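Residue-level listing of the chains:
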Amino acid sequence: MRETAGDRFISGARRRKAPSSAKSALYLLAYRADPLERIQRIKAGVPASEAKQLIADLNMGVSATIQALGVSIATINRKAKNQAVLTKGESERVLGLAKLVGQVQAMVEESGDPEGFDAGAWTARWLSEPLPAFGGARPVDFLDTMEGQRLVSDTLAKLQSGAYA
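Quantities reported herein were computed from a predicted structural model and do not represent experimental measurements.

## Describing the overall build of the chain
When its secondary structure is counted, the chain shows 10 helices and zero strands. Along its sequence from the N terminus, the chain presents helices and strands in the succession α-α-α-α-α-α-α-α-α-α. Out of the 165 residues belonging to the chain, those deemed buried represent 45%. A separation threshold of at least 6 residues defines the contact pool for the chain, and within that pool the share at least 24 residues apart is 64%. Accessible surface computed for the chain: about 8500 Å², of which carbon and sulfur atoms make up 52%.

## Details of the nonpolar core
Formed by 35 residues in total, the largest nonpolar core has its most connected members in Leu 54, Ile 76, Val 94, Leu 97, Leu 127, Leu 143 and Val 152. Looking at this core, the elements that each hand over two or more residues are helix H3 (20-32), helix H5 (48-58), helix H6 (62-69), helix H7 (73-81), helix H8 (88-111), helix H9 (119-128) and helix H10 (146-161).

## Things to note about the layout of surface pockets
Of the voids in this model, the largest pocket is the one considered here, and its volume is about 340 Å³. Lining the largest pocket are 15 residues, with Arg 38, Gly 96, Lys 99, Met 146 and Arg 150 sitting closest to its centre. Residue assignment for the lining of the largest pocket shows that the elements contributing at least two residues are helix H4 (35-44), H8 and H10. A class-by-class count of the residues in the lining of the largest pocket yields six nonpolar, four polar and five charged.

## Comments concerning the pattern of salt bridges
Counted according to the given criterion, the structure contains four salt bridges. Residue Arg 138 is joined to Asp 141 by a salt bridge in which the shortest nitrogen-to-oxygen separation is 2.8 Å. Residue class for Arg 138 comes out partly exposed when judged on its relative accessible area of 33%. With relative accessibility at 42%, the residue Asp 141 sits in the partly exposed group. With a closest N to O distance of 2.9 Å, Arg 150 and Glu 147 form a salt bridge. One end of the pair is Arg 150 and the other is Glu 147, both in helix H10 and three residues apart, which spans about a single turn. Residue classification places Arg 150 among the partly exposed residues on the basis of a relative accessible area of 44%.

## Quick notes on the packing of aromatic side chains
The description of two aromatic rings rests on the distance between their centres and on the angle between their planes. Counted by the stated rule, this structure contains two aromatic pairs. For the pair Trp 122 and Trp 126, a centre-to-centre distance of 6.0 Å together with 10 degrees between the ring planes defines the contact as stacked. Residue Trp 122 and its partner Trp 126 are located together in helix H9, separated by four residues, close to a single helical turn. On the basis of relative accessibility, which here comes to 27%, the residue Trp 122 falls in the partly exposed class.

## A word on unusual backbone geometry
Even without glycine at this site, Gln 83 takes up a positive phi of about 55 degrees. Relative to the assigned elements, Gln 83 resides in the loop between H7 and H8. Residue classification places Gln 83 among the exposed positions, given a relative accessible area of 75%.

## A word on the side chain of Gln 103
In this structure, Gln 103 sits in helix H8. Accessibility expressed as a relative area gives 5% for Gln 103, which makes it buried. If sequence neighbours within four positions are ignored, Gln 103 has contacts with Tyr 31, Ser 153, Leu 156 and Ala 157.

## What about the confidence of the model for the chain?
Averaged over all residues, the pLDDT of the chain equals 84, while 84% of them reach at least 70. Summarising per-element confidence for the chain, the mean pLDDT is lowest in helix H2 (residues 12-16) (37) and highest in H4 (95). Ignoring residues within four places in sequence, the model shows residues 1-19, a span with pLDDT below 50, making 44 contacts including any to other chains.

Conventions we followed
Residues numbered from 1 in each chain as written. Predicted model: local features only at pLDDT ≥ 70, side-chain atom pairs only at ≥ 80, totals over all residues. Heavy atoms only, no water. Helix = DSSP H or I, 4+ residues; strand = E, 2+ residues; numbered from the N terminus. Buried < 20%, exposed > 50% of the residue type's maximum accessible area, 1.4 Å probe, protein only. Contact = heavy atoms within 4.5 Å. Areas by Shrake-Rupley, 256 points an atom, 1.4 Å probe, with all protein chains shown as cover. Core = buried A, V, L, I, M, F, W, Y, C linked by side-chain atoms within 4.5 Å. 1 Å grid on protein atoms, 1.4 Å probe; cavity = no way out; pocket = protein on both sides within 12 Å on 5 of 7 lines; lining within 4 Å. Points joined across faces, edges and corners; volume = space filled by probe spheres on them. Nonpolar A, V, L, I, M, F, W, Y, C, P; charged D, E, K, R; others polar. Salt bridge = Lys/Arg side-chain N within 4 Å of Asp/Glu carboxyl O. Phe/Tyr/Trp six-rings, centres within 6.5 Å; stacked < 30°, edge-to-face > 60°. pLDDT = per-residue confidence, 0-100.

Right, dumping it as structure tokens:
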């Protein structure tokens, strides 16, 4: 099978040693990947070690991120130790979160100055803050479902356009 943008995102060797700007580029690949490529990655399963790396990149706290994604830390640790992949549902939520980080990076590249910008850190902070658009709920509270992730993504897009400015 040929390597796709989604495969490059979910590549342990590249992810572990990637500097901040390279990490942002990898999240951009997850965001810009063709939907069929993302579906293929979800069906193949995201390696648990990659989920752990995403959680570390976001720096939201392991417990908060795991809870937000609706995944057990024990499951991720066990699967990472055994070099196993996550289930389809877990993979979909993890890849969806990576796609959100890539969306933020793309927004900054399109509308701002990406030099020195840390999309993971910004996304983690934004996800943790209550939003009037969500009736005072935090975006992180919606990450455990794909519909919730779509709502968060749509809200990010509205921020870029100024609809929620």
